Amino acid sequence: MPSSWAAHSCHLLARLAHPVLWFPKVAVFSVPQEAAMAFPHLQQPSFLLASLKADSVNKPFAQRCQDLVKVIEDFPAKELHAIFPWLVESIFGSLDGVLVGWNLRCLQGRVSPVEYSIAMEFLDPGGPMMKLVYKLQAEDYKFDFPVSYLPGPVKASIQERVLPDSPLYHNKVQFPPTGGLGLNLALNPFEYYMFFFALSLITQKPLPGTLHIRTSDCAYFILVDRYLSWFLPTEGSVLPALSSSPGGPNPSPAPRTPTMPFASYGLHHTSLLKRHISHQTSVNADPASHEIWRSETLLQVFVEMWLHHYSLEMYQKMQSPHAKLEVLHYRLSVSSALHSPAQPSLQALHAYQESFTPTEEHVLVVRLLLKHLHAFSNSLKPEQVSPSTHSHATSPLEEFKRAAVPRFVQQKLYLFLQHCFGHWPLDASFRAVLEMWLSYLQPWRYAPEKQAQSSDCQARCVSERWAPFVQENLLMYTKLFVGFLSRALRTDLVSPKNALMVFRVAKVFAQPNLAEMIQKGEQLFLEPELVIPHRQHRLFTAPTFTGSFLSSWPPAVTDASFKVKSHVYSLEGQDCKYTPMFGPEVRTLVLRLAQLITQAKQTAKSISDQCGESTAGRPFLSWLGFCSTDTNGSYAANDLDEMGQDSVRKTDEYLEKALEYLCQMFRLSEAQLTQLTLALGTTQDENGKKQLPDCVVGEDGLILTPLGRYQIINGLRRFDIEYQGDSELQPIRSYEIASLVRVLFRLSSAINRRFAGPMAALCSRADFLGSFCRYHLTEPGLADRHLLSPVARGCAARRPRGPRLSLRFLGSYRTLLSLLLAFFVASLFCIGPLPCALLLVLGYLLYAVAMTLLTERSKLHHL
C-alpha cells in the first residue's frame, strides 16, 4: 500500500511540474490548491523537497531550472518555505565549502553559454528566485543562520555576548535552549538569500583548473553588478518588489530591522560603546523608509561579509576600554539573567584566531562595490548635497545616498585595507588591492559631471567640492600612503609590474589640488583645541543611535576640525599617534623611495646594455657550436628577462614619471636627489658599469656590509660571477645530451692521457704550428683570469692545467642540429656526406688559420 501511494504521488508531482500539458489554461494557478484538497498528506513540504532533490541528480541543469520556475509559480509559500534553504544552498554552495553549488564564480558565458544564460535569468533581480524570496517575505517567514559561519570579528563578538555595531544583527540573535553553543540568527528570506550570496565569495574555494579565469566575465561578478544597479540605483528610485502572482498584489516589505531611522543616520558612526545582546530593543522605523529596506539590507550584508575581516591584533585593539568596562559591568550585574554563562573573553579571542587571507577575486568584487557606491552617492542632485538644504522632506533614498559610504563602509573598509597592506605578499598581485584603494580615494571619477568635463584641460584638477570627503577620510589618504611606501621600499622596482604600482599611486596623489586638500585636513587635525573654546566639552565619539542628524551643530567652518578629529579618533582611538603625511618622517621615506627609483632605473639600463652586448658580441659560428658558449651567470631572473627591451622601456617610463610626481607632491629639488644619490654611492664608474656591492676588506677577501646585502637583495648591485673551475667538469646543461657528453669526456680524457707529451711539445713551439695548436688545445684567457675566492686561488695554484683536447661541443643539441642542417643543404646540391664533411673540415681549417693569425697579431700589439 505505501508503495502504491508513493507511485501515485510521484505521478501527481509530474503532472504538477507540467500543468500546461495536463490542465486547461484557466486552471493552471489553482492546481496546487485542488491537489491539496484532494490529497491532504501531500501538503507535507518534505515530499516536495525530496522530489526536487531527486530531480537535481537525475535531470539536466536546464530542465531543473524550468521545473523550479514552475514550482515557484504554482506552489504556495507554505510549501515553498521548506525548500528555500535547500535551494539557496544548492545554488551558492554550503557554508563549509564542501558543496560547490552552481559554481557561479567559474561560470562564464563564452565557455558555457547555455548554462550561463539560464543561471543569470533565474538569479536576476527580477527573476524567479527573487519572486520566491518576495513570496516568502510576504508571509514573514524566518530562517536560522548559524553564527559560526559569520566573519571572525562578528562571530567572536556575538559569542562573547556583545552585540556588534552593525544594525544588521540587532534583534536577530537566537539563543539555543541549552548551552552557549550553536547560536543562530533569525533572518527573513531576503536577508537569508543575501547572506548566502555574499558569503559564497569567501567560503567557496576556486577549483584547481580555474585559477586563470577572468573574474569580470564570471556569473558571480556580473550578478553583483546587477544587484547593485537594481537595489542601489543611480537614477530614479528603487524598483518595487515583484508580485508573487500575475495580477496579485505586491508582497508587503518586511519591517526594517530595529535600527535607527534614516533621519538619524547623519554622517557619523555609531557609538563606540557596544550594547549587550540581551539589550536588543525595537525601534519604530519611519514607514516611508520601507521603500528602501532592501537597499539598506543589501549594502549592510555586502559590507559585513566582505569587509568585516581583520587580524587578531586589530580585534584586540578595537576593544576600547569603554566597551570592556561595559561588558564587565554587565556580567557582574545581570549574569544570572542570561540563558547560559557568558563566554570568557579569552575563549572568544581564542575562537577568533582564524587567519583570513582575501583572494584577488574578493578584492576585485569589493572594488566593484566601492565604484558603484561612489556613483550611487554622487547621484544626489546638487541642491541635495549641501547639509544646509537638509530637511524633513528629504526622501529616505536621498538620505541613504548621503549616508551610505560614511555610515556603513568607511570604518570597515579602512580596517580591511590595513589588513591587506600588512599581510598581502610582496608581489605583483597587490595591484588588485592598490586599485581598490585608489578607486575609493577618487570619488570624483564617478561623479555625473565627469563626462562633461573630460574635454576641459582643467578637469584633472580636483574640485574644492571634494574637500569634505578628503578631510573626513584623512587616514585613507595619509596612513595608507605611508603603508604603501613601506611596501614599495621592500619591492624590486626593476620589475615593470612593481614600477607600474608606484607610478599609479604617485599619479593619483599628484593630481592638482589634492595634496593641498590633504595638507588642509592635517592642519585641521593638528589644530589645538584651545583655538575653539566652545568645542572643548565635546567627546570625540560619534552620536549614539538615539541622536538625531537634525540636531543643532556649530557652523561648518568652525566644526571642520572636529569632524576630522572625530574621523581619526573613531578609527585609531584617542591615544593614536598621528604621523603627518607631509611631515619630516614621511618625507624621509619618500626620499629613500626616490633613491631606489633612481637606482632601479640604472639597474634596468645596465641589464638592457648587457643583454644587447651579449647578443651583438656573440660570434656567428657560436650558433653553429664551434665556439665556446658563455656559461657564466648573469643577473637574477626578472620580468625584464622574459619581456625584453620593451619591458625596459616601460619600466623606465613608469619610474621616470613616478619620480616626477613625487618631486611635485613633496617639492623635491633636483639638487636633493643628486646629493642623496651620491651619498648612497650609486654613481657609475668610468666604464659606465655598476660598482660592486658595498664591502669591507677582510683577511679572506671582501666582506659584505648590511648596505651591500640590501643592494644585492634588491638587485641594485651584483658581483661579476664567473665559472672558474675545470670547464670539462661543468654540470651538464639543458641544451646538451647527457649520455653523449659523458662518452665524449671519457674519449677526450683517454686521448689527453695518451698524447699529453706530444701535445705539450707542439704547444711549446714558437712557429705557426705552435700558435695553431695553442689556439685549439689551451683555454683562451685562462692566464688573464683573477680568482676572487682565496680557496679557489689555492686550488688553482696546486693544479696547473696543460694543453688538452675538448670534444664536449659535439654533445650540444645545437651543434648536432647545425651539422644535420649542413648535410641536408649539401644533399640539395647533390653533394654526398663524405664530400660535405671534407668541405666542413676545410672551411673550419681556414677559419682556424685566420683566427690564429689574428690572435698572434693582437699579442704582438699588446707587447
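Residues numbered from 1 in each chain as written. Predicted model: local features only at pLDDT ≥ 70, side-chain atom pairs only at ≥ 80, totals over all residues. Heavy atoms only, no water.

A. Looking closely at the overall build of the protein. Each helix and strand in the protein was counted, giving 36 helices and five strands. In the protein, buried positions account for 45% of the 863 residues. Residue pairs in contact within the protein that sit at least 24 positions apart in sequence constitute 79% of those at least 6 positions apart. About 44000 Å² of surface is accessible on the protein, with carbon and sulfur atoms providing 61% of the total. (Helix = DSSP H or I, 4+ residues; strand = E, 2+ residues; numbered from the N terminus. Buried < 20%, exposed > 50% of the residue type's maximum accessible area, 1.4 Å probe, protein only. Contact = heavy atoms within 4.5 Å. Areas by Shrake-Rupley, 256 points an atom, 1.4 Å probe, with all protein chains shown as cover.)

B. Up close: the confidence of the model for the protein. Here the protein averages 74 in pLDDT, and 65% of its residues register 70 or above. Least confident of the elements in the protein is helix α2 (residues 19–22), whose mean pLDDT is 33; most confident is helix α19 (residues 431–441), at 96. Predicted confidence is poor over residues 454–459, with pLDDT under 50, and the contacts of this stretch with residues over four places away or in other chains come to one contact. In this model, residues 617–638 is a region of pLDDT below 50 whose contacts with residues beyond four sequence positions or in other chains number 37 contacts. (pLDDT = per-residue confidence, 0-100.)

C. Structural context of the packing of helix α22 (residues 474–488) against helix α24 (residues 514–526). Where α22 meets α24, the axes come as close as 10 Å, and the angle between the chain directions of the two elements is 100°. In terms of orientation, α22 lies roughly perpendicular with respect to α24. Taking contact as the criterion, the partners of Leu474, Tyr477 and Thr478 in α22 are, on α24, Leu514, Ile518, Gly521, Glu522 and Phe525. In terms of residue class, the contact of α22 with α24 is made up of five nonpolar, two polar and one charged. (Axes fitted to C-alpha atoms, helices over the stretch in contact; angles between N-to-C directions. Parallel < 35°, antiparallel > 145°, perpendicular 65-115°, else oblique. Nonpolar A, V, L, I, M, F, W, Y, C, P; charged D, E, K, R; others polar.)

D. Representation of the pairing of strand β5 (residues 701–704) in the model. Bridging between strand β4 (residues 695–698) and β5 involves four bridges; their strand directions are antiparallel. The residue of β5 that forms the bridge with cysteine 695 is leucine 704. As consecutive antiparallel partners, β4 and β5 are separated by two residues. (Pairing = 2+ DSSP bridges.)

E. Quick look at the packing of helix α12 (residues 293–307) against helix α16 (residues 360–377). It is at 11 Å that the axes of α12 and α16 come closest, and there the two elements cross at 145°. Seen from above, α12 lies across α16 with left-handed handedness. For the pair formed by α12 and α16, the contact residues are Leu299, Phe302, Trp306 and Leu307 on the first element and His362, Val365, Val366, Leu369 and Leu373 on the second. Partitioned by chemical class, the residues of the contact of α12 with α16 number eight nonpolar, one polar and no charged. (Left-handed = near helix turned anticlockwise from the far one by under 90°.)

F. Highlighting the nonpolar core. Formed by 170 residues in total, the largest nonpolar core has its most connected members in Leu104, Tyr193, Met194, Trp306, Trp437 and Phe481. Counting residues per element, this core draws most heavily on helix α18 (residues 396–423), which supplies 13 residues. Here methionine 194 is in contact with Met130, Tyr227, Phe231, Leu298, Val301 and Phe302, once residues within four sequence places are set aside. (Core = buried A, V, L, I, M, F, W, Y, C linked by side-chain atoms within 4.5 Å.)

G. Local environment of the environment of valine 505. As for its position among the elements, valine 505 is in helix α23 (residues 496–509). Along the primary structure valine 505 and tryptophan 437 are separated by 68 residues, whereas in three dimensions their C-alpha atoms are 9.7 Å apart. Among all residues touching valine 505, those that are not within four sequence positions of it are Leu434, Trp437, Leu438, Phe481 and Phe484.

H. Up close: the packing of aromatic side chains. Counted according to the given criterion, the structure contains 37 aromatic pairs. Ring centres of phenylalanine 84 and phenylalanine 143 lie 5.0 Å apart, and the angle between their planes is 45°; on these two criteria the pair is classed as tilted. Taken together, the residues phenylalanine 84 in helix α6 (residues 77–92) and phenylalanine 143 in strand β1 (residues 143–146) connect sequence positions 59 residues apart. Look at phenylalanine 143 and you get buried, because its relative accessible area is 4%. (Phe/Tyr/Trp six-rings, centres within 6.5 Å; stacked < 30°, edge-to-face > 60°.)

I. A look at the sheet that holds strand β3 (residues 184–187). The strand order β1-β3-β2 describes an open sheet built from three strands, whose pairing is antiparallel. A strand with exactly one partner marks an edge of an open sheet, and here the two such strands are β1 and β2 (173–174). When β1 meets β3, the two strands line up antiparallel, connected through four bridges. Its bridge partner being in β3, aspartate 144 is matched across the sheet by alanine 186. Across the sheet, helix α10 (residues 189–203) touches β1 and β3, and the angle it forms with β1 is around 30°.

J. Structural view of α22. For α22, with 15 residues, the first-to-last C-alpha span of 21 Å sits near the 21 Å given by 1.5 Å per residue. Counting buried positions over the 15 residues of α22 gives 12, a clear majority of the element. (Expected span 1.5 Å × (residues − 1).)

K. Broad picture of the state of the cysteines. This structure, assessed with the given rule, holds zero disulfides. Of all cysteine sulfurs, the one in cysteine 106 lies closest to cysteine 218, which takes part in no disulfide; the gap is 6.3 Å. The class of cysteine 218 is buried, set by a relative accessible area of 1%. (Disulfide = S-S within 2.5 Å.)

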